[in-house]
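Spelled out from the first residue to the last, the chains are:
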Amino acid sequence: MKVIDAHLHFSNIQSFKDTASDLADISYNTEGLLKEYKDANVVLGIGMGVEETVAGEFPDRAAPALMGLDLETRPNQIVCCIGINPFLFTENSLVQLEAELQKDWIVGIKIYLGYYPYYAYDEVYQPIYRLAKEYSVPIVYHTGDTYAEKGLLKYSHPLTIDEVAVEHRDVQFMMAHFGDPWCLTAAEVIYKNRNVFADLSGLIVGTGERVGRHFDRDNRYFDHLRQALVYCDSYDRLLFGTDWPLVQVKPYMEWLADMIPETFHDDFFYHTATRVFPKIQRFL
């Protein structure tokens, strides 16, 4: 089975480097990524653009208005969702974003709810949604817990996406991390809105050994996730993602394969990503 990783990071962010070395035992570089992808039969990864100007400062208000993948030279197997810094986003930024969207390998736009204190429906994002519609690219939102104490959780609650999904019916939206820990709310937003999807990335941080502890169904830690998956009853609108380098790829993939009914594996691990991110089909 071919696999698409719909959510990874390939940016020079200190917290990613620290997690890779201290918690996940990952080589956070091109060689490390491609080895893990080969072992797990991942044929393409979608990198979420993010940058920081000072090590450890993300969410960095001084980062570029349009954020990319700046760890190393981008491997061909990785495409990008351009990240947005709303503090510095201007009309000129919109012009630059349109130019970026004309590149083959720019396949979506990433908005960091919670990391930046703006709601999904804030006016600063409205021109971006109109551009997403014009170029048929999705908007990816960070939702749920933030991987930084400076984040503000009220902005990353998945319920705030309902208003945007209703107003912009012709744009596809993907909630990263399924809104965890508010997975049941995220499930309702998906169930109600045909243009909303979610990836299941970043739910576990660490090595394959740590992932393995959650295979035990008597472990109640992920009961909220299992309930939300059943309630949502929309497995064709869920996508596989890792949030690499926060977790090793293959064990995380095996854990989610146990969580998703086998009937939907082809959609979850591959086909749904091609529907949410239509531009990636030229790379497959």
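Residues numbered from 1 in each chain as written. Predicted model: local features only at pLDDT ≥ 70, side-chain atom pairs only at ≥ 80, totals over all residues. Heavy atoms only, no water.

An unreviewed UniProt entry lists the protein chain under the name TIM-barrel fold metal-dependent hydrolase, with Alkalicoccobacillus murimartini given as the organism.

Caption draft 1: Region of the structure containing the packing of helix 3 (residues 91-101) against helix 4 (residues 126-135). Remark: helix 3 packs on helix 4, axes separated minimally by 11 Å, with the N-to-C direction vectors making an angle of 25 degrees. Classed by the angle they form, the pair helix 3 and helix 4 counts as roughly parallel. Helix 4 is crossed by helix 3, and the crossing has right-handed handedness. Mapping the contact onto sequence places Leu-94, Leu-97, Glu-98 and Leu-101 in helix 3 and Pro-127, Ile-128, Leu-131, Glu-134 and Tyr-135 in helix 4. Broken down by class, the residue content of the contact of helix 3 with helix 4 amounts to 7 nonpolar, no polar and 2 charged. (Axes fitted to C-alpha atoms, helices over the stretch in contact; angles between N-to-C directions. Helix = DSSP H or I, 4+ residues; strand = E, 2+ residues; numbered from the N terminus. Parallel < 35°, antiparallel > 145°, perpendicular 65-115°, else oblique. Left-handed = near helix turned anticlockwise from the far one by under 90°. Contact = heavy atoms within 4.5 Å. Nonpolar A, V, L, I, M, F, W, Y, C, P; charged D, E, K, R; others polar.)

Caption draft 2: Looking closely at the side chain of Asn-85. Within the element layout of this structure, Asn-85 appears in the loop between strand 4 (78-84) and helix 3. With a relative accessible area of 0%, Asn-85 lands in the buried category. Side-chain polar atoms of Asn-85 contact the backbone nitrogen of Phe-87, separated by 3.0 Å. Not counting residues up to four positions away in its chain, the partners in contact with Asn-85 are Asp-60, Arg-61, Ala-62, Ala-63, Pro-64, Ala-65, Met-67 and Tyr-116. (Buried < 20%, exposed > 50% of the residue type's maximum accessible area, 1.4 Å probe, protein only. Polar contact = N/O pair within 3.5 Å; in protein donor to acceptor, adjacent residues only side chain to side chain.)

Caption draft 3: Highlighting the pattern of salt bridges. Applying the stated criterion to the full structure yields 8 salt bridges. For Arg-282, the salt bridge goes to Asp-104, with nearest N and O atoms at 2.7 Å. Of this pair, Arg-282 sits in the segment after helix 10 (265-276) while Asp-104 sits in the loop between helix 3 and strand 5 (106-111), and the two are 178 residues apart along the sequence. With a closest N to O distance of 4.0 Å, Asp-223 and Arg-226 form a salt bridge. Of the two residues, Asp-223 and Arg-226 both sit in helix 8 (residues 223-232), 3 residues apart, roughly one turn of that helix. Taken together, the shared-partner salt bridges in this structure form one network comprising Arg-220, Asp-223 and Arg-226. (Salt bridge = Lys/Arg side-chain N within 4 Å of Asp/Glu carboxyl O.)

Caption draft 4: Seen up close, the packing of helix 6 (residues 183-192) against helix 8. Contact geometry for helix 6 and helix 8: axes closest at 8 Å, N-to-C directions at 15 degrees. The angle between helix 6 and helix 8 places the two elements in the roughly parallel class. Note that helix 6 runs across helix 8; the crossing there is right-handed. Here Cys-183, Leu-184, Ala-187, Glu-188, Ile-190 and Tyr-191 of helix 6 lie close against helix 8, whose contacting residues are His-224, Leu-225, Gln-227, Ala-228, Tyr-231 and Cys-232. Across the contact of helix 6 with helix 8, the residue classes break down as 9 nonpolar, 2 polar and 1 charged.

Caption draft 5: Main features of the pairing of strand 4. By the criterion of burial, strand 4 is predominantly enclosed, with 7 of the 7 residues buried. Residues Ile-78, Cys-80, Ile-82 and Ile-84 point to one face of strand 4 and Val-79, Cys-81 and Gly-83 to the other, with burial holding for every one of them. Where strand 3 (residues 66-67) meets strand 4, 2 bridges bridge the pair, whose relative direction is antiparallel. Each residue of the ladder has a partner; that of Met-67, found in strand 4, is Gly-83. Bridge analysis of strand 4 against strand 5 gives 5 bridges, and the strand direction is parallel. Note that in strand 5 the partner of Cys-80 across the bridge is Ile-106. With helix 3 bridging strand 4 and the parallel strand 5, this β-α-β connection has right-handed handedness. (Pairing = 2+ DSSP bridges. Right-handed = clockwise from strand over helix to strand, strands pointing away.)

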